[in-house]
Amino acid sequence: PYISRLHFTLEIGADRVVIADAGSKAGTLVGGVKISKRQLWHGDEIEIGSSSLRFESDQRDEAVRWSFPAGNGGEMLLVNEGMDTLVGETMGHFKLDRIAHLGRVSGLFRGRDQKHARPVMVKVMYPSITSDDAHRNRFVRAVHSMMNVRHPNLVEVYGAGKQGLYCWCAMELVDGASLRDTINTFGKDGRMDWREALQVAVPVAQALECALEHKVVHRNVSPGNLIQRTDDGFVKLGDLMLAKALEGANAEQITAPGEVLGDVAYMSPEQLVNPSQVDWRSDQYGLGATLYALLTGSAPFEAKTLKGLLRAVQQDICTFPPQVQGEDNEDFLSIVLKMLAKSPEDRFALPGQMLNRLHQLGE
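Fair warning: this is a prediction, and the values are worked out from it, not measured in the lab. (Residues numbered from 1 in each chain as written. Predicted model: local features only at pLDDT ≥ 70, side-chain atom pairs only at ≥ 80, totals over all residues. Heavy atoms only, no water.)

Q: So what's going on with the overall build of the chain? Which residues, and what values?
A: Per the secondary structure count, the chain includes ten helices and 18 strands. Considering only contacts in the chain between residues 6 or more positions apart, those separated by 24 or more positions represent 58%. In the form shown here, the chain has an accessible surface area of approximately 16,800 Å², with 49% of it arising from carbon and sulfur atoms. (Helix = DSSP H or I, 4+ residues; strand = E, 2+ residues; numbered from the N terminus. Contact = heavy atoms within 4.5 Å. Areas by Shrake-Rupley, 256 points an atom, 1.4 Å probe, with all protein chains shown as cover.)

So, in structure tokens, the structure goes:
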């Protein structure tokens, strides 16, 4: 029911294949990102509605450059770095079956835990991110240190290691969809009821409380890192181990001057200024921005360019559109706006304070 009669087109040329969305209602996603038009490469996964198609080609190029939208502004070039050649390989006792998503610093594969006979997700870092043995060893140690951090609302980590130039981390496969997919399905004209959004806010706040106890700042709490289980709506926060692994020197390495890591539209104003000097309140902002998107269908701030988006996040005041405001959701909207305060001092000081407000509202 989510696929249009004419959903997308393929232009097949002598040296390339180009996919273009044909004005479909739900949109066409490639590698988890909604596209209007772009070239396809070997291993690309196309998502339309609840169906997935994998594009395979004899023409493989390890140096291919992938173009993805940077939040809501501009284009950010990402390097494939040979990810398509890893399909079918085994890392540790985890076999990589297919590419699920290519992101800013890593590729995500659906795979199989051959030792415990269970499906998994395997995150493989681009070699340019963990560029030498010192970085790779630090990454593996950091992920291993997070394996004992357990919480029902955190995606569980199964193992990590290094293989050649690649660092990898195997984790729980949550049978569901990311909240990014949910928001994309809603579109601009759809939105989630505030009571449903409350059921997202509480478990994520609990996960952030656990992260704070272990002195870990996530730095990328956004719809793409929140997975909602299909059968019961249970929400889990992913990539906490990646936050730990990319602390310190690694974080500085991948955040060059004028460049930001993460989904810009969901990043706090202070993170855009100094990403290394943030605390859990920056993650609180990311949760607030995600809740805003669930309630309205879009992130708190949008712009046609990355520069414009950065300015809006840092300077513009966040308000809810009139169609979202109602007599019965005023308290919840005020909580979300507190999370989205420009200054960290104006947000909740501790996760427990935020949870108390959310629980009171739930009761």
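Q: Explain helix 2 (residues 179–186) residue by residue, including any values.
A: Along helix 2, the residues classified as buried are Leu 179, Thr 182, Ile 183 and Asn 184. On its buried face, helix 2 is in contact with strand 3 (28–30), strand 4 (33–35), strand 16 (176–178), helix 3 (194–213), strand 17 (226–229) and helix 7 (280–296). (Buried < 20%, exposed > 50% of the residue type's maximum accessible area, 1.4 Å probe, protein only.)

Q: Go over the sheet that holds strand 11 (residues 94–102) with me, naming the residues and quoting the values.
A: An order of 10-11-12-13-15-14 is seen for the six strands of this open sheet, with the pairing classed as antiparallel. The sheet is open, and its two borders are formed by strand 10 (90–91) and strand 14 (157–163), each paired with just one other strand. Bridging between strand 10 and strand 11 involves two bridges; their strand directions are antiparallel. Counterpart to Thr 90 in the pairing with strand 11 is Lys 95. Along the sheet, helix 1 (residues 133–146) contacts strand 13 (118–125), strand 14 and strand 15 (166–172); its crossing angle with strand 14, the most-contacted strand, is approximately 170°. (Pairing = 2+ DSSP bridges. Axes fitted to C-alpha atoms, helices over the stretch in contact; angles between N-to-C directions.)

Q: Let's hear about the sheet that holds strand 2 (residues 17–21): which residues, and what values?
A: A sheet is described by the order of its strands in space; here three strands give the open sequence 1-2-5, paired in antiparallel fashion. Edge positions in the open sheet fall to strand 1 (8–12) and strand 5 (37–39), since each of these has one partner strand only. Averaged over all neighbouring strand pairs, the angle between strand axes comes to 20°, with direction disregarded. Where strand 1 lies against strand 2, five bridges are found, and the strand directions are antiparallel. Each residue of the ladder has a partner; that of Glu 11, found in strand 2, is Val 18.

Q: I'd love a proper account of the packing of helix 9 (residues 330–339) against helix 10 (residues 351–362), names of residues and values included.
A: For any two helices packed against each other, one specifies the inter-axial angle together with the distance between the axes. Close contact between helix 9 and helix 10 brings their axes to 10 Å; oriented N to C, the two are set at 165°. Classified by the angle between their axes, helix 9 and helix 10 sit roughly antiparallel to one another. Judged by the twist between their axes, the crossing of helix 9 over helix 10 is left-handed. Contact with helix 9, carried on its side by Asp 331, Phe 332, Ser 334, Ile 335 and Met 339, involves Met 354, Arg 357, Leu 358 and Leu 361 of helix 10 and no other residues of that element. Among the residues making up the contact of helix 9 with helix 10, the classes are represented as six nonpolar, one polar and two charged. (Parallel < 35°, antiparallel > 145°, perpendicular 65-115°, else oblique. Left-handed = near helix turned anticlockwise from the far one by under 90°. Nonpolar A, V, L, I, M, F, W, Y, C, P; charged D, E, K, R; others polar.)

Q: Hey, could you go over the packing of helix 3 against helix 10 for me, with residue numbers and the actual values?
A: As a packed pair, helix 3 and helix 10 sit with axes 9 Å apart at the nearest point and diverge in direction by 155°. Considering their axes alone, helix 3 and helix 10 lie roughly antiparallel with respect to each other. Along this stretch, helix 3 crosses helix 10, giving a crossing that reads as left-handed. Here helix 3 contributes Trp 194, Leu 198, Ala 201, Val 202, Ala 205, Gln 206, Leu 208, Glu 209 and Leu 212 to the contact with helix 10, which in turn contributes Pro 351, Gly 352, Met 354, Leu 355, Leu 358, His 359, Leu 361 and Gly 362. Split into classes, the residues belonging to the contact of helix 3 with helix 10 amount to twelve nonpolar, four polar and one charged.

Q: Describe the environment of Val 235, listing the residues and the values that go with them.
A: With respect to the element layout, Val 235 can be found in strand 18 (residues 235–237). Once the C-alpha coordinates of Val 235 and Pro 152 are considered, the two residues, 83 residues apart in sequence, prove to be 9.0 Å apart. Discounting residues that sit within four places of it in the chain, Val 235 has contacts with Asn 153, Val 200, Pro 203, Val 204, Leu 226, Ile 227 and Gln 228.

Q: Mind laying out the pattern of salt bridges, listing which residues take part and the relevant values?
A: On inspection of all chains with the given rule, the structure shows 13 salt bridges. One salt bridge in this structure joins Asp 239 and Lys 123, with 3.3 Å as the shortest N-O distance. Taken together, the positions of Asp 239 in the loop between strand 18 and helix 4 (240–245) and Lys 123 in strand 13 put the pair 116 residues apart, joining distant regions of the chain. Of the charged contacts, one joins Lys 236 and Glu 172 as a salt bridge, the two residues approaching to 3.4 Å between their closest N and O atoms. Of this pair, Lys 236 sits in strand 18 while Glu 172 sits in strand 15, and the two are 64 residues apart along the sequence. One continuous salt-bridge network, built from bridges that share partners, spans Asp 193, Arg 195 and Asp 328. (Salt bridge = Lys/Arg side-chain N within 4 Å of Asp/Glu carboxyl O.)

Q: Give a description of the side chain of Thr 28 that names residues and reports values.
A: Looking at the element boundaries, Thr 28 is found in strand 3. With relative accessibility at 0%, the residue Thr 28 sits in the buried group. A polar side-chain atom of Thr 28 sits 2.6 Å from a polar atom in the side chain of Asp 21. In contact with Thr 28, not counting residues within four places along its chain, are His 7, Phe 8, Ile 19, Asp 21, Val 33, Lys 34, Ile 35, Ile 46, Glu 47 and Ile 48. (Polar contact = N/O pair within 3.5 Å; in protein donor to acceptor, adjacent residues only side chain to side chain.)

Q: Describe in detail the packing of aromatic side chains, supporting the description with residues and values.
A: Inspection of the entire model under this criterion finds three aromatic pairs. In this structure, Arg 118 packs its charged tip against the face of Tyr 158, placed 3.6 Å from the ring centre. (Phe/Tyr/Trp six-rings, centres within 6.5 Å; stacked < 30°, edge-to-face > 60°. Lys NZ or Arg CZ within 6 Å of the ring centre and 35° of its normal.)

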